[in-house]
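Chains, contacts and geometry: an overview
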Amino acid sequence: MQLRPPADQDIVVFGASGDLAGRKLLPALYNLCAEDLLPGQGDIVGTAPSTWNDDDFRTHAHDSIAQFSRTGLDDQVWQRFAARLRFVALRQDGGLADLRAALKREQRLVYLAVPSSAFIPLVQQIGQSDLAEGTSLIIEKPFGHDLESAHQLNTALHQVLPEERIFRIDHYLGKETVQNLLVFRFGNAIFERVWNRDCVERVEISVAESLGVDGRGRFYEETGALRDIVQNHLFQVLSVVGMEAPVCFEAEALRNEKVKLLRAVQPVHPHDVIRGQYTGGAVEDEQVPAYRDEPGVARDSTTETFAALRLHIDTWRWSGVPFLLRTGKRLRRRDTRIVVAFRDVPLHFFEGLAVDGLESNRLVVRIQPDEGIALTFLAKQPGPEIRTQTVRMDFSYGSSFKTSPPEAYERLLHDALVGDHTLFIREDEVERGWEIIQPVLAEPPPVQPYAAGSWGPDQADALAAPSHWHSLDDEA
Ligand code: BG6
């Protein structure tokens, strides 16, 4: 599908001086400009409680793009981009009259790149300042911190804007590899035949990070891995892996199927959850402090930096197949992958003849890094005797397409500009995500310590019993 330039509109970024704007949004908008995918006419208006003027904002944008843009910074593109940049300081009383006066076009896309406590007051200001008409809104996670607060946020949003002009962003859906899962599942007949309880023994989804809380200790203390990654990124990937084929490839059809899948996921029992917290250790040869020694973190904190859970999906396709999810900070390496482990053969003719132990077939989707997909199977080693070895058929983005996938935010910003909701989260999806983890939030199991640089607490192994998690050290 050829991407088209969006209709004329302004783009407003609340939180324009913040981390998200600098690292992701401004570089993504710049790259859309480079590809002629910004609106033909329209300003990019930054706003923040700051004394900046247009030139200060341009300098900030210039430096952020030079540092974080995946394509670097080209002077000609920069000149075109800089000509669109404007800055409006947020008034102390929070009113948006100055912003209203600065906007030249009837349509605008507003991005709330601000702490979640500011979502509701800002949305109410948009309503009171006569800005609701013509506004579409992108809102960042976290969408609430539990079911009740998510519901309150949704109610506040709907008092000002209809659902079709609200874009709840989960950048995992903007990742090429996650979108490719849809093509892989629904564009290839052979996998559909085996994608069910008859052939699949279990599914694992892991989001491992080597990063720690990265200066966000205070934010993370109130969030933890369950809210930061499980309720959103992991559940989004889970819904794409588990959903039925939509009736057509359009936003509502796809989102209906994702919600249907989440509705069938049983609220998780605290027995099926392991929470962990990292102690000091070495990650990628660098000595790092314990979570409790990070700035902004309580010395006796019980916030989880690791979570593993076993989920059950009550559908005809998946009944009885465990879905194992895990995520953690300060793990050995950055590695996000999905492992679909297929059922074993009924009889083991080759027992004792394997050079590397017999493993049932498995499909590994490498979301990041080294994006690709591999299928493992058993082969006969060359030679007079029968010796078996596990081998892989491997597809790698780098070698097949000779390119690295574009940034998720570029795709998602463009989709919101053209009004395409396919990769955004609907109100009922968010609330169902909270319903699923609500029992653990209400009764969290104790946190288990794990050394930074390990793969998390050993207690997580019990969730996979009688089987075992595939080691993230294995070649995927
Ligand atoms: C964010 C979380 O949503 O996702 C961060 O708040 C996390 O804690 C990040 O590090 C991971 O994103 P990615 O794209 O690097 O996997």
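Please read these numbers as outputs of a predicted model, since none were measured by experiment.

Along the backbone of the protein chain there are 15 helices and 17 strands. With the C-alpha coordinates aligned to their principal axes, the bounding extent of the protein chain is approximately 80 × 50 × 45 Å. A burial count over the protein chain gives 54% of its 476 residues as buried. Within the protein chain, contacts between residues at least 6 apart in sequence are counted, and of these 78% link residues at least 24 apart. Accessible area for the protein chain stands at about 21200 Å²; split by element, carbon and sulfur atoms hold 51% of it. Taking the average place of the 50 positive charges on the side chains of the protein chain and the average place of its 70 negative ones, the gap between the two points comes to 2 Å.

Here we come to the packing of aromatic side chains. A complete count under the given rule lists 16 aromatic pairs for this structure. Look at W52 and F87: their rings are 5.4 Å apart centre to centre, the planes differ by 55°, and that puts the pair in the tilted class. Of this pair, W52 sits in the loop between β2 (44-48) and α2 (54-68) while F87 is found in strand β3 (residues 85-89), placing the two residues 35 residues apart along the sequence. Residue classification places W52 among the partly exposed positions, given a relative accessible area of 24%. In this structure F87 comes out as buried when scored by relative accessible area, which is 8%. Ring geometry for Y278 and Y450: centres 6.3 Å apart, planes at 70°, overall edge-to-face. A residue pair is termed long-range when its members are at least 10 positions apart, and Y278 in strand β8 (residues 273-279) and Y450 in strand β17 (residues 447-451) qualify at 172 residues.

Let us look at the pairing of strand β15 (residues 372-380). Pairing of strand β14 (residues 362-368) with β15 involves five bridges; the strand directions are antiparallel. Counterpart to R366 in the pairing with β15 is G372. The hairpin turn running from β14 into β15, its antiparallel successor, is three residues long, and D370 in that turn takes a positive phi close to 50°. Sheet analysis places β15 next to strand β16 (residues 388-396), joined by nine bridges and oriented antiparallel. Across the sheet, the residue bridging to L378 is T390, located in β16.

Let's shift gears to the sheet that holds strand β6 (residues 166-168). Taken in spatial order, the six strands of this open sheet run β3-β2-β1-β4-β5-β6, and their pairing is parallel. Every other strand in the sheet has two partners, leaving β3 and β6 as the edge strands with one partner each. Across the sheet, the axes of successive neighbouring strands diverge by a mean angle of 20°, strand direction being ignored. Taken together, the five bridges between β2 and β3 define a ladder with parallel strand orientation. When the bridges of β3 are listed, G46 appears paired with F87. Its contacts with the sheet place helix α13 (residues 408-417) against β1 (10-14), β4 (108-112), β5 (135-139) and β6, and it is angled at close to 140° to β4.

F81, L238, L311, F323 and I338 are the most contacted members of the largest nonpolar core, which has 135 residues in total. Among residues more than four places away in sequence, those in contact with F323 are V203, L238, V241, L309, R310, L311, I313 and W318.

Near the ligand you find K141, H171, Y172, K175, E209, R216, D228, H233, K329, R334 and Q368, and these make up its full shell. In this structure, E209 approaches the ligand through a side-chain N or O atom, which is 2.5 Å from an oxygen atom. A distance of 2.9 Å separates an oxygen atom of the ligand from a polar side-chain atom of K329. Protein chains bury 81% of the 400 Å² of accessible surface belonging to the ligand in isolation.

Between helix α1 (residues 19-34) and α13, the least distance of the axes is 9 Å, while the angle of their chain directions is 65°. In terms of their interaxial angle, α1 and α13 are classed as roughly perpendicular. Pair α1 / α13 crosses with right-handed handedness. Where α1 approaches α13, its residues L20, K24, L25, A28, L29, N31 and L32 are matched on the opposing element by Y409, E410, L413 and H414. Partitioning the contact of α1 with α13 into residue classes produces seven nonpolar, two polar and two charged.

What follows is about a nonpolar patch on the surface. A surface patch of nonpolar side chains, amounting to about 500 Å² of accessible area, comprises L347, F349, F350, L378 and I386. Mapped onto the elements, L347 comes out in the loop between β13 (335-342) and β14. Accessibility expressed as a relative area gives 57% for L347, which makes it exposed.

What follows deals with helix α14 (residues 427-442). Taking 1.5 Å per residue as the helical rise, α14 with its 16 residues ought to reach 22 Å, and the 22 Å between its terminal C-alpha atoms agrees with that figure. At I436, α14 shows its maximal bend, which comes to roughly 40°, and the proline P439 appears one to four places after that position. Burial in α14 covers these residues: E429, V430, E431, R432, G433, W434, I436, I437, V440 and L441. Along its buried surface, α14 packs onto α6 (147-160), β6, α10 (224-242), α11 (251-264), β8 and β11 (306-311).

Taken in spatial order, the nine strands make up an open sheet running β16-β15-β14-β13-β7-β12-β11-β8-β17, and their pairing is mixed. Only two strands of the sheet have a single partner each, and these edge strands are β16 and β17. Direction aside, the axes of adjacent strands within the sheet are offset by 20° on average.

Before going further, it helps to examine the side chain of S210. The residue S210 is located in the loop between β7 (200-208) and α9 (217-221) in this model. Discounting residues that sit within four places of it in the chain, S210 has contacts with V283, E284, R330, L331, R332, R333 and R334.

Criteria and cut-off values
Residues numbered from 1 in each chain as written. Predicted model: local features only at pLDDT ≥ 70, side-chain atom pairs only at ≥ 80, totals over all residues. Heavy atoms only, no water. Helix = DSSP H or I, 4+ residues; strand = E, 2+ residues; numbered from the N terminus. Buried < 20%, exposed > 50% of the residue type's maximum accessible area, 1.4 Å probe, protein only. Contact = heavy atoms within 4.5 Å. Areas by Shrake-Rupley, 256 points an atom, 1.4 Å probe, with all protein chains shown as cover. Lys, Arg positive; Asp, Glu negative; His and termini not counted. Charge placed at Lys NZ, Arg CZ, Asp CG, Glu CD. Phe/Tyr/Trp six-rings, centres within 6.5 Å; stacked < 30°, edge-to-face > 60°. Pairing = 2+ DSSP bridges. Axes fitted to C-alpha atoms, helices over the stretch in contact; angles between N-to-C directions. Core = buried A, V, L, I, M, F, W, Y, C linked by side-chain atoms within 4.5 Å. Near = heavy atom within 4 Å. Polar contact = N/O pair within 3.5 Å; in protein donor to acceptor, adjacent residues only side chain to side chain. Parallel < 35°, antiparallel > 145°, perpendicular 65-115°, else oblique. Left-handed = near helix turned anticlockwise from the far one by under 90°. Nonpolar A, V, L, I, M, F, W, Y, C, P; charged D, E, K, R; others polar. Patch = residues over 30% accessible without salt bridge, like charges linked within 9 Å, V, L, I, M, F, W, Y side chains within 5 Å. Salt bridge = Lys/Arg side-chain N within 4 Å of Asp/Glu carboxyl O. Expected span 1.5 Å × (residues − 1). Bend = angle between axes of the 7 residues up to and from the residue.

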